[in-house]
Amino acid sequence: MQRVDLGEVPYEQAMQWMASWTAERRAGTAPDRLFLLSHPAVITYGHTTPLTDLPDDLARIPAVLADRGGHATYHGPGQLVGYLVIDLHERGPGDVVRWLENSLIAALAELGFRTVRRDTPKGSPSLVGVWTPDGRKLVSIGMRIRGGVTSHGFALNIDPDLSVFDSFVACSLDDVAMTSLRQLSATEGVPMPTEAEVRDAIFRQLEKLP
């Protein structure tokens, strides 16, 4: 897997690039790639997101319809976004979302943070993502698979403005608190990693894909 490190990229621009990235992978002109980046403040949501989940004041932070699974989530400064463009025909696991969850959990363990994945009870909103043992959400995941190639990926809260999550219903889970590595570092006494260290740990785990 090839790692591509980017800085802050407007969400709409990243989606244009993603169309090219997935086309290149389907054509076999590019390898499996992990794109690591951030976005200016934006709320993205899927086609099945209830409009009541979105903020009342859309003038503060723009809301953009995304062509991925999942519901509404926030991207912004202090958050690391990872987009995976991999061909599942050649090397993908049976359940790419579970593999991604487990890889992120392993990366966070490298950094000293204990996190878990959760199974979704039948009929309940999706609990896909990475969580603290006490039920706070640290990483949101929303992926799309088309023609055997994945796109989109994850958003990990390193040190964003968590108050933004109070303005809308994230992931259709209105009773869930979001957290960040900064917050966990302060409460658990774990040294706060740099973004570079977070990127490195995540890539070390994701490149283990068989």
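Shown above is the structure to which this text applies.
All values derive from a computational prediction rather than experimental measurement.

Chemist: Would you mind showing me how to read the overall build of the chain here?
Modeler: Within the chain, the secondary structure is distributed over five helices and nine strands. Taking 210 residues into account, the globule formula puts the C-alpha radius of gyration at 17 Å, and the chain, at 16 Å, falls close to it. Counting over 210 residues, the chain shows a buried share of 50%. Roughly 9500 Å² of accessible area belongs to the chain as shown, and the carbon and sulfur atoms make up 50% of that amount. Placing the 20 positive and 26 negative side-chain charges of the chain at their respective mean positions leaves the two points 6 Å apart.

Chemist: What's the story with the pattern of salt bridges in this structure? I'm lost.
Modeler: Oppositely charged side chains may form a pair once their charged atoms are brought near each other. What the rule picks out here adds up to 12 salt bridges. The partner of glutamate 195 in a salt bridge is arginine 199, with the nearest N and O atoms 2.9 Å apart. On the criterion of helical spacing, the pair formed by glutamate 195 and arginine 199 is a turn pair, its members being four residues apart in helix α5 (residues 195-206). By relative accessible area, glutamate 195 is classed as partly exposed at 35%. Judged by its relative accessible area of 9%, arginine 199 falls in the buried class.

Chemist: Looking at this model, I keep getting lost on the packing of helix α3 (residues 96-110) against α5. Mind explaining?
Modeler: Any two packed helices are characterised by the angle at which their axes cross and by the distance between the axes. Remark: α3 packs on α5, axes separated minimally by 8 Å, with the N-to-C direction vectors making an angle of 135°. Judged on the interaxial angle alone, α5 and α3 are oblique. Handedness of the crossing formed by α3 with α5: right-handed. Across from Trp99, Leu100, Ser103, Leu104, Ala106, Ala107 and Glu110 in α3, the residues of α5 making contact are Ala201, Ile202, Arg204, Gln205 and Leu206. Split into classes, the residues belonging to the contact of α3 with α5 amount to eight nonpolar, two polar and two charged.

Chemist: Where do I start with the nonpolar core in this structure?
Modeler: Considering soluble globular proteins, one finds that nonpolar side chains tend to be buried as a cluster. The biggest cluster of nonpolar side chains holds 31 residues, and the ones touching the most others in it are Leu100, Phe154, Leu156 and Ile202. Elements represented by at least two residues in this core include exactly β2 (33-38), β6 (79-85), α3, β8 (137-146), β9 (149-157), α4 (181-188) and α5. Ranked by the residues each element gives to this core, the list is headed by α3, at seven residues. Discounting chain neighbours no more than four positions away, the residues touching isoleucine 202 are Leu34, Leu80, Leu104, Ala107, Phe154 and Leu156. Judged by nonpolar contacts, the second largest core, of 16 residues, contains Val9, Met15, Ala66 and Ala155.

Chemist: Whenever I open this one, the sheet that holds strand β5 (residues 73-75) confuses me. Can you help?
Modeler: Strand pairing in a sheet relies on backbone hydrogen bonds, with the paired strands running either antiparallel or parallel. With mixed pairing, three strands are arranged side by side in an open sheet as β4-β3-β5. Unpaired on one side and paired on the other, β4 (63-65) and β5 mark the two borders of the sheet. Pairs of neighbouring strands in the sheet enclose a mean axial angle of 35°, with direction left out of account.

Chemist: I tried to follow the sheet that holds strand β1 (residues 2-8) on my own but got confused; where do I start?
Modeler: Read from one edge to the other, the open sheet built from six strands follows the order β1-β2-β6-β9-β8-β7, with strand pairing classed as mixed. Whereas interior strands pair on both sides, the edge strands pair on one side only; in this sheet they are β1 and β7 (130-131). Running at roughly 155° to β1, α5 makes contact with β1, β2, β6 and β9 of the sheet.

Chemist: Mind showing me how you'd approach the packing of aromatic side chains here?
Modeler: In this description, a pair of aromatic rings is defined by centroid distance and the angle of the planes. Evaluated as defined, the whole model comprises three aromatic pairs. Measuring from centroid to centroid gives 6.3 Å for tryptophan 17 and tryptophan 21, while their planes differ by 45°, and the two rings are tilted. Here the residue tryptophan 17 and the residue tryptophan 21 both occupy positions in helix α1 (residues 11-27), the gap between them amounting to four residues, near one helical turn. Plain terms: the ring middles of tyrosine 74 and phenylalanine 165 are 5.6 Å apart, the flat faces sit at 85° to each other, and that makes the pair edge-to-face. In this pair, tyrosine 74 is assigned in strand β5 and phenylalanine 165 in the loop between β9 and α4, connecting sequence segments 91 residues apart. With respect to class, tyrosine 74 is no different from phenylalanine 165; both count as buried. Through a chain of ring-to-ring contacts, three or more aromatic side chains come together here, namely Trp17, Trp21 and Phe35.

Cut-off values and rules
Residues numbered from 1 in each chain as written. Predicted model: local features only at pLDDT ≥ 70, side-chain atom pairs only at ≥ 80, totals over all residues. Heavy atoms only, no water. Helix = DSSP H or I, 4+ residues; strand = E, 2+ residues; numbered from the N terminus. Rg over C-alpha atoms; globule rule 2.2 N^0.38 Å. Buried < 20%, exposed > 50% of the residue type's maximum accessible area, 1.4 Å probe, protein only. Areas by Shrake-Rupley, 256 points an atom, 1.4 Å probe, with all protein chains shown as cover. Lys, Arg positive; Asp, Glu negative; His and termini not counted. Charge placed at Lys NZ, Arg CZ, Asp CG, Glu CD. Salt bridge = Lys/Arg side-chain N within 4 Å of Asp/Glu carboxyl O. Axes fitted to C-alpha atoms, helices over the stretch in contact; angles between N-to-C directions. Parallel < 35°, antiparallel > 145°, perpendicular 65-115°, else oblique. Left-handed = near helix turned anticlockwise from the far one by under 90°. Contact = heavy atoms within 4.5 Å. Nonpolar A, V, L, I, M, F, W, Y, C, P; charged D, E, K, R; others polar. Core = buried A, V, L, I, M, F, W, Y, C linked by side-chain atoms within 4.5 Å. Pairing = 2+ DSSP bridges. Phe/Tyr/Trp six-rings, centres within 6.5 Å; stacked < 30°, edge-to-face > 60°.

Read these as spatial facts, not as claims about activity.
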